[in-house]
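Residues per chain are reported as follows:
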Amino acid sequence: MLKMEDVTKTYNHRRPAVDVLSDVNLKIAREDFVSIVGPSGSGKSTLLLMLGGMLSPSAGRVEIDGESIYDLAPDKRAAFRGRKIGFVFQTFNLVPYLSALENVQMPLFLAGFNEQEQKKRAVRLLERFGLGDRLEHKPCELSVGQQQRVAFARMLANDPSLILADEPTGSLDPETSAQVVGFLEKMNQDGRTVVMVTHDPRVAARAKRTLRLSGGRIISYVSTTNLSAAA
């Protein structure tokens, strides 16, 4: 269960101060698949970063599985994030000088797995995504779609129960975009909770529920079936 209680995020870099999120209250059930939509500047990415333990609120409380994550010390919050959360980004964030195999091994190395177990898990994940013949290729030697699949394999290395995706299809062609959403659907079917920010209504419609933000506030939070019926 993900939970936000009276969450506000205020930026004071400029005057007047700007509330990017205002008094947000939200519950996301375990194993749900939620898309977050809204105009540019509505607070979508800020909300996602807060759910991921990456950006502390100015006020309010954020819980994951009953744990108030911003009450944890920074090192404990980082460890919690490493155990529980997988991130998917539009830009992939692969290390350019590492091979596909080494990129997937990296979070396993950081988690303290020995080299043999790192390699075993990484190979298995890359094979799952159809990249068993690309283990030693660096990102520049892979297509955009293949890089995205390496990023997915790396994200799954620590077997997270929560996946947070920020515009995962934003830079992809329609065919690769459909594959990526298919991967997210499969991960959800495997029992993981998925929360995805997207500007594409076709991608949003593939989720179970859609949360719409405007001006830093939730203006609707409905099942995708209900949203489609109302359109």
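Structure shown above.
Overview of the overall build of the protein
Per the secondary structure count, the protein includes 8 helices and 10 strands. The globule rule puts the C-alpha radius of gyration for 231 residues at 17 Å, and the 18 Å found for the protein is close to it. Taken along the three principal axes of its C-alpha coordinates, the protein extends 50 × 45 × 35 Å. A total accessible area of about 11500 Å² is found for the protein, and carbon and sulfur atoms account for 50% of it. Distance from the positive charge centre (30 side chains) to the negative charge centre (26 side chains) of the protein: 2 Å.

Examining the nonpolar core
Ranked by internal contacts, the top residues of the largest apolar core, which has 34 residues, are L126, V150, F152, I163, L184 and M187. Of all the secondary structure elements, the ones that give two or more residues to this core are α3 (100-110), α4 (115-128), α5 (144-155), β7 (162-166), α6 (174-189) and β8 (193-197). With 5 residues, the top contributor of residues to this core is α5. The contacts of F152, once residues within four sequence positions are left out, are V88, F129, V180, F183, L184 and M187.

Concerning the sheet that holds β7
A sheet is described by the order of its strands in space; here 6 strands give the open sequence β6-β7-β8-β3-β9-β10, paired in mixed fashion. Both outer strands of the open sheet, β6 (85-89) and β10 (217-223), are each paired with one neighbouring strand and no more. Taken over all neighbouring pairs, the strand axes of this sheet differ in orientation by 15° on average, direction set aside. Its contacts with the sheet place α5 against β6 and β7, and it is angled at close to 165° to β6.

Quick notes on the environment of T198
With respect to the helices, strands and loops of the structure, T198 is situated in the loop between β8 and α7 (201-204). Classification of T198 as buried rests on a relative accessible area of 1%. On a C-alpha basis, the gap between T198 and S220 in space is 15 Å, while along the polypeptide they are 22 residues apart. T198 has contacts with S35, I36, V37, E167, V203 and A204, leaving out every residue within four places of it along the chain. At 3.0 Å, the side chain of T198 forms a polar contact with the backbone nitrogen of D200.

Examining the environment of L184
Here L184 lies in helix α6. Take L184: its relative accessible area is 0%, and that puts it in the buried class. Expressed as a C-alpha distance, the spacing of L184 and F152, which sit 32 residues apart in the sequence, is 9.2 Å. Excluding anything up to four places from it in sequence, L184 contacts F33, F152, I163, A165, P168, V194 and M196.

Some points on the side chain of S99
With respect to the helices and strands, S99 occurs in the loop between β6 and α3. Dropping the residues within four chain positions of it, S99 is found in contact with L135, E136, H137 and K138.

Details of helix α1 (residues 44-51)
Taken across its 8 residues, α1 has 6 buried, putting it largely inside the fold. Residues K44, T46, L47, L48, M50 and L51 constitute the buried set of α1. Looking at the residues trailing α1, positive phi occurs at G53, about 75°.

Quick word on the packing of aromatic side chains
Under the criterion given, the structure shown has 4 aromatic pairs. The interplanar angle of 80° and the centroid separation of 4.9 Å between the aromatic rings of F129 and F183 together place this pair among those described as edge-to-face. Residue F129 is located in the loop between α4 and α5, and its partner F183 is located in helix α6; the two are separated by 54 residues in the primary sequence. Among the aromatic residues, ring-to-ring pairing joins F129, F152 and F183 into one connected group. R209 extends its terminal NZ or CZ atom over the ring of Y221, reaching a point 4.0 Å from the ring centre.

Structural notes on α3
Since the α-helix turns once every 3.6 residues, residues separated by three or four places project in the same direction. Residues A100, L101, N103, V104, Q105, P107 and L108 constitute the buried set of α3. Taken together, the buried residues of α3 touch α4 and α5. Looking one or two residues past α3, G112 carries a phi angle of roughly 95°, positive in sign.

Each value, and the rule that gives it
Residues numbered from 1 in each chain as written. Predicted model: local features only at pLDDT ≥ 70, side-chain atom pairs only at ≥ 80, totals over all residues. Heavy atoms only, no water. Helix = DSSP H or I, 4+ residues; strand = E, 2+ residues; numbered from the N terminus. Rg over C-alpha atoms; globule rule 2.2 N^0.38 Å. Areas by Shrake-Rupley, 256 points an atom, 1.4 Å probe, with all protein chains shown as cover. Lys, Arg positive; Asp, Glu negative; His and termini not counted. Charge placed at Lys NZ, Arg CZ, Asp CG, Glu CD. Core = buried A, V, L, I, M, F, W, Y, C linked by side-chain atoms within 4.5 Å. Buried < 20%, exposed > 50% of the residue type's maximum accessible area, 1.4 Å probe, protein only. Contact = heavy atoms within 4.5 Å. Pairing = 2+ DSSP bridges. Axes fitted to C-alpha atoms, helices over the stretch in contact; angles between N-to-C directions. Polar contact = N/O pair within 3.5 Å; in protein donor to acceptor, adjacent residues only side chain to side chain. Phe/Tyr/Trp six-rings, centres within 6.5 Å; stacked < 30°, edge-to-face > 60°. Lys NZ or Arg CZ within 6 Å of the ring centre and 35° of its normal.

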